[in-house]
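Geometric and topological summary
Read off the chains here:
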Amino acid sequence: MKRICLTLFVAISAITLLVTSCSKWSHFDTANDFSEDIYSLYDTYTDEFGNEGIVVYKKDSGKTMLVLSADEVILPWGPTNEKVYLGDSIAHYAIEYGVTMLQCMCARGIERFPAMEWCNRKNGEKLPYSGSWRLPTEAEWEIMLWYDGVNLPAINSALKRIGGDTIAGNNALYWLCEEDYENYIVLSKPGLDYNPYDRAVAETATLLFDLNKDHWIKSTSHRVRAMKHVIFK
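On to the confidence of the model for the chain. Counting all residues, the mean pLDDT for the chain is 83, and 79% of those residues have values of 70 or more. When pLDDT is averaged over each helix and strand of the chain, the minimum, 90, is found for helix H1 (residues 95–108) and the maximum, 98, for helix H2 (residues 114–120). Between residues 1–21, whose pLDDT stays under 50, and residues either more than four places distant or in other chains, the model counts 57 contacts. The low-confidence segment residues 23–29, where pLDDT is below 50, has 19 contacts with residues more than four positions distant or belonging to other chains.

Turning our attention to the pairing of strand E3 (residues 64–76). Sheet topology note: the strand E2 (residues 52–59)/E3 ladder contains six bridges and is antiparallel. From the neighbouring strand, Val 55 faces E3, where its bridge partner is Val 67.

Across all of its chains, the model carries zero disulfides by this definition. Cysteine Cys 119 remains unbridged, with the sulfur of Cys 177 as its closest cysteine sulfur at 9.6 Å. Take Cys 119: its relative accessible area is 0%, and that puts it in the buried class.

Attention now goes to the environment of Lys 218. Summarising the element assignment, Lys 218 is placed in the loop between strand E5 (200–203) and strand E6 (221–231). Separated by 17 residues in sequence, Lys 218 and Val 201 have C-alpha atoms that sit 8.8 Å apart. A distance of 2.7 Å separates a polar atom in the side chain of Lys 218 from the backbone oxygen of Glu 82. Of note is the side chain of Lys 218, whose polar atom sits 2.7 Å from the backbone oxygen of Pro 196.

About the thresholds
Residues numbered from 1 in each chain as written. Predicted model: local features only at pLDDT ≥ 70, side-chain atom pairs only at ≥ 80, totals over all residues. Heavy atoms only, no water. pLDDT = per-residue confidence, 0-100. Helix = DSSP H or I, 4+ residues; strand = E, 2+ residues; numbered from the N terminus. Contact = heavy atoms within 4.5 Å. Pairing = 2+ DSSP bridges. Disulfide = S-S within 2.5 Å. Buried < 20%, exposed > 50% of the residue type's maximum accessible area, 1.4 Å probe, protein only. Polar contact = N/O pair within 3.5 Å; in protein donor to acceptor, adjacent residues only side chain to side chain.

What follows is the structure in structure tokens.
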């Protein structure tokens, strides 16, 4: 499997609106948290609705963070025979892609997409924006678990401290927000087909993809973990 370069993802605060059929939902505020709190890696973060998570990545002296939810669930991704993202290209490392997927699902009826709906319940009644809880992209999943080292033991230790659900290892699959697009995630096994209508991307916490794409069928149940960007003013 060809890994995606993490360094390109570091500029996660760059906001450029994606042009999709769901752009009317867009609300990309650069700053989405105005508190004066200072967080360290693996600190507990609690949002305005009482949702808890763990700080799993930070930059800009802590003004930009990624937070992983303290809880998880097992659910299907969504219906088959339907492609959610209708754009001609995918912005691999941009914050906008994950938010755009949430926007598109809200436009189509978020209740039809159980994994993302579970994440979205953490957002109260807010429309999708830069700080929404949602499914992670592959790049976000990678940076949370592996940026500057293997972070899983530290994350699970922090989750145990607050009584959260630890992240499963071994071959347990987690749903990501991407569909199965060609040339987005390059796998080592040749001859694989690509089908964004019926499949979405699932990955383990050890950053391995299951090359049996029968496990990528959107109606299959896998683990679901929410994440969010927190960008302080």
